[in-house]
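Residue-level structural notes
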Amino acid sequence: MKKPEDLRSARWFAPADLRSSGHRSRAMQMGYTPEEWAGRPIIGIVNTWSDVNPCHVHLRDRAEHVKRGVLMAGGLPLELPAQSVSESLQKPTTMLYRNFLAMETEELLRAHPIDGCVLLGGCDKSTPGLLLGATSMDIPTIYVPAGPMLRGHFAGKTLGSGSDSWKYWDELRAGTITQADWAGVEAGIARSHGTCMTMGTASTMTAIAEAVGMVLPGGSSIPAADAGHIRLCSDSGRRIVGMVWEDLTPSRIQTRQAYENAIAVAMAMGCSTNAIIHLIAMARRAGTDIGLDDFERASRRVPVIGNVRPTGQDYLMEDFFYAGGIRALMHNIREHLHLGCMTVTGRTLGENIEGAKTHNADVIRTQDRAIYGQGSLAVLRGNLAPDGCVIKPGAMDQRFLRHAGPALVFDDYPSMKKAIEDDNLDVTADHVLVLRNAGPQGGPGMPEWGMLPMPRRLLKEGHRDMLRLSDARMSGTSYGACVLHVAPESYIGGPLALLRTGDIVSIDVEARSIRMEISDEELATRRAAWTPPERRYERGYGWMFSQHIQQANEGADFDFLRTDFGAPVAEPVIY
């Protein structure tokens, strides 16, 4: 157990010198007395609240409840604002700023007298961004997810975030619903604060954070509007003080086995495709060599048992919580988990899920009644994606699991968007719609463009899916036969850059293969003729991003933030 003199914050406040006198004086300037900090853990609350992030609008209030818990346990809470990474409003994509948030979090914690931290996030990139930074800093940390919003409603139907937006937008384009109907969907699909209530990236990543061991048991699935979420905040505030005295740091929790647990849980939940990119980045920050092959192995073993849209059919995260939540799901796949992994409770994962019950066996299935017989994601490789790409087999028309068709290739989103609205576009449901220059550097930032819109001509013919291919990502709320994260990306000369309209693209999900059916000689000829596109940025953060971003199969982290990039960063000097 730590002693008061061992606290990080004691370096700022305890010495009898001029500099520490200045620290004490400035703390008193804010109204604190020495009794409030002396010998007490100072807890940083890194808060991604913002007026421009609808998923996090309640976190300003929730921080007060975290503070209440910290004070009850004998600590001193200090709130530190951080970038909100608002998925719905921040452009061109929040993925451009995930690593920015990671750097900000790490440096906020390092540069200030913080002994432990509570991270408040939830919207897609905020979970990995916050945890990446805290992992690199490696002081005691608890993550508090924002929680999913309440289910949506329109005309007697239940609406799911994102998933039903895509669905009804296609119906509007096909002429089967009216503008008034669409206005009703807009007004009814997001009824409260909180993150998307489908099994999108937000709910995927918060579940992963709990599976890794960084969230209090059951905390990842509590709806944002539920009073239990307030209690989660105060509980986390109390627990983080204990973690500081125990010196229970992320490095003691985030082992390879913990990340293997996270992958298994992600597969069972019907996770977002974005789980792969974020989990690889998080694991590698923790010094663990997780990669695409780990996801592939889990996909073959762990079935989808979470009946939550878009992989599931009938239910949303609110139903998942009432059915028993993440503890019940983990209990149902416990033979696939390393139950001895340590968690923020100071107990093992097995202890945390012991006795968990399922209250609705249609929402949280047993493995013999799985929604989909294999895991949520599949990793494909071939001459189009030598470093891998990703597809979500359970959320697509099954006839495209094995398919070959001519490519229809677009080099940018505007030209693709214009073409698909042309009722005379020369396209059939057998075509493979391709968008390139949408990866980490090409996007820039690898936007969620990968659920390429269906051509209007096909919608009017009654088609609702086709094979689509890109080096982009897609929203976790999306669905369809979309091949994503093609690596290496086309912008840097990956094979996707060499594909031409009319080339035959073949895919076999069971065989985990994807190919363009052209000879090696023809590929070599095309490569010799390829010229790099213009640079996206000439200055600023975007320039730095382009210089240092890694590819999708590596987690799209900055190369200089890798754990093995250099020696650990020392504590700041104080003179």
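Use the structure listed above.
The text that follows walks through the structure, step by step, so that each part is easy to find. (Residues numbered from 1 in each chain as written. Predicted model: local features only at pLDDT ≥ 70, side-chain atom pairs only at ≥ 80, totals over all residues. Heavy atoms only, no water.)

Across its full length, the protein chain carries 21 helices and 14 strands. At 24 Å, the protein chain has a C-alpha radius of gyration in line with the 25 Å of a compact globule built from 575 residues. Sequence-distant contacts in the protein chain: of pairs separated by 6 or more residues, those separated by 24 or more amount to 77%. With the model as given, the accessible surface of the protein chain reaches about 21,500 Å², and the carbon-plus-sulfur share is 52%. One way to put it: in the protein chain the 60 positive side-chain charges average out to a point 2 Å from where the 67 negative ones average out. (Helix = DSSP H or I, 4+ residues; strand = E, 2+ residues; numbered from the N terminus. Rg over C-alpha atoms; globule rule 2.2 N^0.38 Å. Contact = heavy atoms within 4.5 Å. Areas by Shrake-Rupley, 256 points an atom, 1.4 Å probe, with all protein chains shown as cover. Lys, Arg positive; Asp, Glu negative; His and termini not counted. Charge placed at Lys NZ, Arg CZ, Asp CG, Glu CD.)

Attention shifts here to unusual backbone geometry. The step from arginine 309 to proline 310 runs through a cis peptide bond, and the omega angle for that step is 10 degrees. Residue placement: proline 310 occurs in the loop between helix 14 (292–301) and helix 15 (317–322). A cis amide bond, omega -5 degrees, links alanine 487 with the succeeding residue proline 488. At aspartate 138, a residue that is not glycine, the phi angle is positive and equals roughly 60 degrees. For aspartate 138, the position within the fold is in the loop between helix 6 (126–137) and strand 4 (141–145). With a phi close to 60 degrees, asparagine 437 is a non-glycine residue in the positive phi region. Note on placement: asparagine 437 falls in the loop between strand 10 (432–435) and helix 19 (456–460).

Below, the discussion takes up the packing of helix 7 (residues 163–174) against helix 8 (residues 179–188). Between helix 7 and helix 8, the least distance of the axes is 10 Å, while the angle of their chain directions is 170 degrees. By the angle between their directions, the pair helix 7 and helix 8 is classed as roughly antiparallel. Between helix 7, through Ser165, Tyr168, Trp169 and Leu172, and helix 8, the contact on the second element is made entirely by Gln179, Trp182 and Val185. The residue makeup of the contact of helix 7 with helix 8, split by class, is five nonpolar, two polar and no charged. (Axes fitted to C-alpha atoms, helices over the stretch in contact; angles between N-to-C directions. Parallel < 35°, antiparallel > 145°, perpendicular 65-115°, else oblique. Nonpolar A, V, L, I, M, F, W, Y, C, P; charged D, E, K, R; others polar.)

A word on the side chain of asparagine 553. Looking at where asparagine 553 falls in the secondary structure, it is placed in the segment after helix 21 (540–548). Judged by relative accessible area, asparagine 553 falls into the buried class, the value being 19%. (Buried < 20%, exposed > 50% of the residue type's maximum accessible area, 1.4 Å probe, protein only.)

Strand order in the open sheet formed by four strands is 2-1-3-4, with parallel pairing between adjacent strands. Pairing within the sheet leaves two strands with one partner each, and these edge strands are strand 2 (76–81) and strand 4. Averaged over neighbouring strand pairs, the angle between their axes works out to 20 degrees when direction is ignored. Direction of pairing for strand 1 (residues 42–47) relative to strand 2: parallel, over a ladder of six bridges. (Pairing = 2+ DSSP bridges.)

Our next topic: the pattern of salt bridges. This model, assessed by the stated rule, comprises 44 salt bridges. Salt-bridge contacts for arginine 151 lead to aspartate 319; the nearest nitrogen and oxygen are separated by 2.6 Å. One end of the pair, arginine 151, is in the loop between strand 4 and strand 5 (152–154); the other, aspartate 319, is in helix 15, and 168 residues separate them in sequence. For the pair shown, arginine 151 and aspartate 319 are each scored as buried. What you see here is one network of salt bridges that share partners, running through Asp170, Arg173, Glu421, Asp423, Arg456 and Lys460. (Salt bridge = Lys/Arg side-chain N within 4 Å of Asp/Glu carboxyl O.)

Think of an α-helix as turning once every 3.6 residues; residues three or four places apart then point the same way. In a regular helix each residue adds 1.5 Å, so 12 residues correspond to 16 Å; helix 2 (residues 18–29) covers 16 Å between its end C-alpha atoms and thus fits that length. Backbone geometry just downstream of helix 2 places glycine 31 in the positive-phi region, at approximately 100 degrees. (Expected span 1.5 Å × (residues − 1).)

So, on to the state of the cysteines. Using the criterion set out here, one finds zero disulfides in the structure. No disulfide involves cysteine 123; its sulfur sits 3.7 Å from the nearest other cysteine sulfur, which is in cysteine 55. With relative accessibility at 1%, the residue cysteine 123 sits in the buried group. (Disulfide = S-S within 2.5 Å.)

Relative to the helices and strands, isoleucine 504 is located in strand 13 (residues 504–508). Taking the C-alpha atoms as reference points, isoleucine 504 and arginine 515, separated by 11 residues in sequence, lie 8.4 Å from one another. Those residues within four positions of isoleucine 504 in sequence are excluded, and the remaining contacts are Ala404, Gly405, Pro406, Arg515, Met516 and Glu517.

Before going further, it helps to examine helix 18 (residues 413–420). All of the buried residues along helix 18 are Met416, Ala419 and Ile420. Down the axis, helix 18 shows its buried residues gathered within 90 degrees of arc, on one side only. Of the exposed residues in helix 18, the ones pointing more than 90 degrees away from its buried face are Pro414, Lys417 and Lys418. Along its buried surface, helix 18 packs onto helix 7, strand 9 (402–410), strand 10 and helix 19. Measuring from the side-chain oxygen of the N-cap residue of helix 18 to the backbone nitrogen of serine 415 gives 2.8 Å; that N-cap residue is aspartate 412. (Arc of directions from axis to C-beta. Polar contact = N/O pair within 3.5 Å; in protein donor to acceptor, adjacent residues only side chain to side chain.)

With that settled, the discussion passes to the pairing of strand 11 (residues 467–470). Taking every second residue as pointing to the same face, both faces of strand 11 are buried, with Leu467 and Leu469 on one and Arg468 and Ser470 on the other. Relative to strand 11, strand 10 is paired through four bridges, and the arrangement is parallel. Within strand 11, the position partnered with leucine 435 by the bridge is serine 470.

Turning to the nonpolar core, a few remarks are in order. With 116 residues, the main nonpolar core has Ile208, Val265, Phe295, Phe320 and Leu329 as its most contacted residues. Broken down by element, this core gets its largest block of residues, 10 residues, from helix 12 (residues 256–269). With residues near it in sequence (within four places) discarded, isoleucine 208 still touches Ala262, Ala266, Ala275, Leu279 and Met282. With 27 residues, the next largest nonpolar core counts Val434, Val483, Leu499 and Ile507 among its residues. (Core = buried A, V, L, I, M, F, W, Y, C linked by side-chain atoms within 4.5 Å.)

This paragraph deals with the side chain of threonine 345. Note on placement: threonine 345 falls in the loop between helix 16 (325–332) and helix 17 (349–353). A residue is classified by how much of its surface remains accessible, and threonine 345, at 12% relative accessible area, is buried. A polar contact of 3.0 Å, which involves the side chain of threonine 345, links it to the backbone nitrogen of arginine 347. Not counting residues within four places of it along the chain, the set of residues in contact with threonine 345 comprises Leu216, Pro217, Arg239 and Asn352.

Running from N to C, helix 5 (residues 98–111) and helix 13 (residues 274–285) point in directions that differ by 30 degrees, and their axes come no closer than 13 Å. With respect to each other, helix 5 and helix 13 are oriented roughly parallel. As helix 5 packs across helix 13, the resulting crossing turns out to be right-handed. Here Arg98, Ala102 and Glu106 of helix 5 lie close against helix 13, whose contacting residues are Ile277, His278, Ala281 and Arg285. For the contact of helix 5 with helix 13, the per-class residue count stands at three nonpolar, one polar and three charged. (Left-handed = near helix turned anticlockwise from the far one by under 90°.)

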